[in-house]
Amino acid sequence: MSRKLLYLTLFLHLFVLTACAEKEKKVPLEDVGMVGIIAFDYMDKDNMKLTVAIPQYSPEAQRSTQTFTVVTELVSNGVVEIEKLSDKKIVFNQLRVVLFNEEFARQGNVRKVIQHLYRNAEVGNKVLIAIVKDKGEDMLKFNYPDKPNINFYLNDLLQPSINTAFNPNTNIHDFMYTITNPVFDPIIPLVDKTNDKIEIKGVAVFKDGHMFELITPNEALIIQAIQGRKNLAPLDINMEQGHGKEKLLIDLVQNDVHIESNKSMTSPKLTISITIKGTLSEYKGERENDLFTTESIADLEKDVNKELEHDIKKFLSELNEWQVDPSGISEYFRMYYHGKWTTEKKREILSKVAIDVHVKTSIISTGTLK
């Protein structure tokens, strides 16, 4: 009898669940507003301006993108207010990009928002993040003549590419990893609108949750090299190594890096050895007509080594003065430290570490120089 009672109970549960599922009403696709981009602009210490961009797929729509802006204290309340303005249910399943204006980032508000989105089951971990020089609202509402849909335009621009010299770890997951890891400091690309185009102008470095400083794309390329990225964006080099002013571009760059520390916490020292192979695709300088022999190429390689060693060492010294570590070099001391590694310990190491840089450049061909 007990077995029959169990079967009857299971049957009743299944019947109730099925009935509930049949009663549940699904929202038609045409009544759903799928947010593609969300932007946050700083207002004051209590309020922020929230703007969303929603692609319009209806052939009757006059514009390809619908935008809504509200002022709110909380992200959730802002979404509720936007739903009141829209005729659709707002969802984030198709969210591609999150924008923060520079003032919002410098005030230290980025982490709180990203944590909220990270916990939202609708939001994917690969949603890209960018800082906006002025206002995110203006960037989303601007009319780009040759880019009718801002959702796809910004997403394609921020996708990791060999031609863009910014660190690819700019999605929600990687930001949360770096900002909660005592070895790293987060970096996020900064974009700005020039005329009717959006451009990546640099990379924002964070410290203690705040946007701290802005570095150039070439400096961001150094971070990629130190982190061991195998294929780098083209190297744009300006140098004066005894042959006047020279400008060259090394393309198809292959990178290999080896880093050693002396394991000392009191007198830390780091040796970074970088091997670069690539094609000399363009050159401007007094050696322009001489780069057709192995000897002349070898001399150029030596000068490139000196220039890169100087530039890398200067940039790392600057980061150490700021006591920020976007490339994670403090990891080479953490692994030998006995005890709990903290952000304060990282800052202490960065403030006194001595760095020696060795670069070996191999120009494997001269491309179309001939």
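Bear in mind that the values here come from a model prediction, so they are computed numbers and not experimental data. Here, residues in each chain are numbered from 1, in the same order as that chain's written sequence. Local features in a predicted model are, by the rule used here, given only for residues with pLDDT of at least 70; side-chain atom pairs are given and counted only at 80 or more, and totals for whole chains, interfaces and linings are based on all residues. The basis for the side-chain values is all heavy atoms of the structure; hydrogens and waters are excluded.

Structural notes on the packing of aromatic side chains
Here the aromatic set is Phe, Tyr and Trp, taking the six-membered ring for Trp, and pairing holds for ring centres within 6.5 Å; pairs whose planes are under 30 degrees apart are stacked, those over 60 apart are edge-to-face, and all others are tilted. Scanning all chains against the criterion turns up nine aromatic pairs. Ring centres of Phe40 and Phe104 lie 6.1 Å apart, and the angle between their planes is 35°; this geometry places the pair in the tilted category. Here Phe104 lies in helix H3 (residues 102-106) and Phe40 lies in strand S2 (residues 37-42), a separation of 64 residues in the sequence. Across the pair, Phe104 and Phe40 agree in class, each one buried. Centre to centre, the rings of Phe100 and Phe104 are 5.5 Å apart; their planes meet at 20°, and the pair counts as stacked. The pair formed by Phe100 and Phe104 is uniform in burial state, with each residue classed as buried. Taken together, the ring pairs in this structure connect Phe40, Phe100 and Phe104 into an aromatic cluster. By definition, being over a ring means that NZ of Lys or CZ of Arg is both within 6 Å of the ring centre and within 35 degrees of the ring normal. The ring centre of Phe142 lies 4.1 Å from the NZ or CZ of Lys193, which sits over that ring. Directly above the ring of Phe212 sits Lys207, whose terminal nitrogen or CZ lies 5.1 Å from the centroid. Numbering goes from the N terminus for both helices and strands, where a helix is a DSSP run of H or I of at least four residues and a strand is a run of E of at least two. Burial classes: relative accessible area under 20% of the type maximum marks a residue as buried, over 50% as exposed, and values in between as partly exposed (1.4 Å probe, protein chains only).

Concerning the environment of Leu221
Secondary-structure assignment places Leu221 in helix H8 (residues 217-226). Note: C-alpha distance between Leu221 and Pro234 (13 residues apart in sequence) is 9.2 Å.

Focus: the sheet that holds strand S3 (residues 48-55)
Within a beta sheet, neighbouring strands are joined by backbone hydrogen bonds and run either parallel or antiparallel to one another. The eight strands lie next to each other as S4-S3-S2-S6-S7-S8-S9-S10, forming an open sheet whose pairing is mixed. Looking along the sheet, the strands with just one partner apiece sit at the ends: strand S4 (65-72) and strand S10 (210-215). Across the sheet, the mean angle from the axis of one strand to that of its neighbour is 30°, orientation sign disregarded. The criterion for strand pairing is that DSSP finds at least two bridges linking the strands in question. Pairing of S2 with S3 involves six bridges; the strand directions are antiparallel. What sits directly across from Tyr42, in S3, is Met48. Here the axes come from fitting lines to C-alpha atoms, over the contacting stretch only for helices, and the angles between their N-to-C directions go from 0 to 180 degrees.

Remarks on the pattern of salt bridges
For side chains bearing opposite charge, pairing can occur when the charged atoms are close. The term salt bridge refers to a side-chain nitrogen of Lys or Arg lying within 4 Å of a carboxyl oxygen of Asp or Glu. Under the definition given, this model contains 19 salt bridges. As a salt-bridge pair, Lys133 and Glu102 come within 3.3 Å of each other at their nearest N and O atoms. One end of the pair, Lys133, is in the loop between strand S7 (128-132) and helix H5 (136-141); the other, Glu102, is in helix H3, with 31 residues separating them in the sequence. Taking the relative accessible area as the measure of exposure, Lys133 reaches 36% and is therefore partly exposed.

Details of helix H11 (residues 343-352)
Buried within H11 we find Lys345, Lys346, Arg347, Ile349 and Leu350. Packing partners of the buried residues in H11 comprise strand S9 (197-207), helix H9 (294-322) and helix H10 (331-334). Every residue pair with non-hydrogen atoms within 4.5 Å of one another is taken to be in contact.

Details of the packing of H8 against H9
Direction vectors running N to C along H8 and H9 enclose 95°, while the axes themselves pass 10 Å from each other. Looking at the two axes, H8 sits roughly perpendicular to H9. Residues Glu219, Ile222, Ile223 and Ile226 of H8 pack against Asp311, Ile312, Phe315, Leu316 and Glu318 of H9. In the contact of H8 with H9, the residues fall into six nonpolar, no polar and three charged. The labels follow the angle: roughly parallel below 35 degrees, roughly antiparallel above 145, roughly perpendicular from 65 to 115, and oblique for the rest. Gly counts as polar in this scheme, as do all residues outside two lists: the nonpolar Ala, Val, Leu, Ile, Met, Phe, Trp, Tyr, Cys and Pro, and the charged Asp, Glu, Lys and Arg.

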